[in-house]
Amino acid sequence: MPRIRNDRNESIDDLFRAVLSLKDLEECYRFFGDLLTVQELAAFAQRLQVARMLSEGKTYETIRAEIATSSSTITRVNTELRYGSGGYKMVLDRLARENPGE
C-alpha cells in the first residue's frame with residue numbers, strides 16, 4: 001500500500017488532478033516551472049534517473065560517478081524500489097515501452 005495514501009487529502013488530490021490534466025511536455029515545463037524551484041525539479045528528475053540506473057543493475061559507485069548525487073539519495077530511491085508502492089517500477093516500465101532502446 002502506498003504510504004502517501006495515509007496523508008491523502010483534498011489538496012494532494014487537486015495537485016495530482018492538475019498533473020493529470022497536463023497534455024504535453026511544454027505544459028509540464030510551464031506548470032512545473034511555476035510550481036517548483038529549479039533545485040526541486042532537478043532533485044525529482046535526479047531521483048528518477050537514479051531509479052532507472054538502479055533498475056539497470058548499476059552500482060552505487062557507478063551512479064555516483066555518472067551523476068552528482070549523494071549515497072543517501074541512492075539509498076532512499078533503492079529502498080523505494082525494493083519496498084515501496086511500485087511507483088518507480090510502474091513509471092520506468094511505461095517509459096521503456098514508450099521509448100524502446102533508450
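Residues numbered from 1 in each chain as written. Predicted model: local features only at pLDDT ≥ 70, side-chain atom pairs only at ≥ 80, totals over all residues. Heavy atoms only, no water.

Caption draft 1: The overall build of the protein, seen in detail. Helix and strand counts for the protein come out as 6 helices and 0 strands. Taken from N to C terminus, the helices and strands of the protein fall in the order α-α-α-α-α-α. Principal-axis analysis of the C-alpha atoms gives the protein an extent of 40 × 30 × 30 Å. Residue burial in the protein is summarised as follows: out of 102 residues, 15% are buried. Carbon and sulfur atoms form 54% of the exposed surface of the protein, whose accessible area is close to 8,000 Å². Each charge class in the protein can be summarised by its mean position, and for the 15 positive and 16 negative side chains these summaries are 6 Å apart. (Helix = DSSP H or I, 4+ residues; strand = E, 2+ residues; numbered from the N terminus. Buried < 20%, exposed > 50% of the residue type's maximum accessible area, 1.4 Å probe, protein only. Areas by Shrake-Rupley, 256 points an atom, 1.4 Å probe, with all protein chains shown as cover. Lys, Arg positive; Asp, Glu negative; His and termini not counted. Charge placed at Lys NZ, Arg CZ, Asp CG, Glu CD.)

Caption draft 2: Seen up close, helix α5 (residues 71-83). The end-to-end C-alpha distance of α5 is 18 Å, a good match for the 18 Å that 13 residues give at a rise of 1.5 Å each. Burial in α5 covers these residues: T73, I74, V77 and N78. Buried residues of α5, viewed axially, fall in a sector of 130 degrees; they line one side. Away from the buried face of α5 by more than 90 degrees, exposed residues R82 and Y83 are located. The secondary structure elements touched by the buried residues of α5 are α3 (38-55), α4 (60-66) and α6 (87-98). (Expected span 1.5 Å × (residues − 1). Arc of directions from axis to C-beta. Contact = heavy atoms within 4.5 Å.)

Any functional reading would require information beyond the geometric quantities listed.
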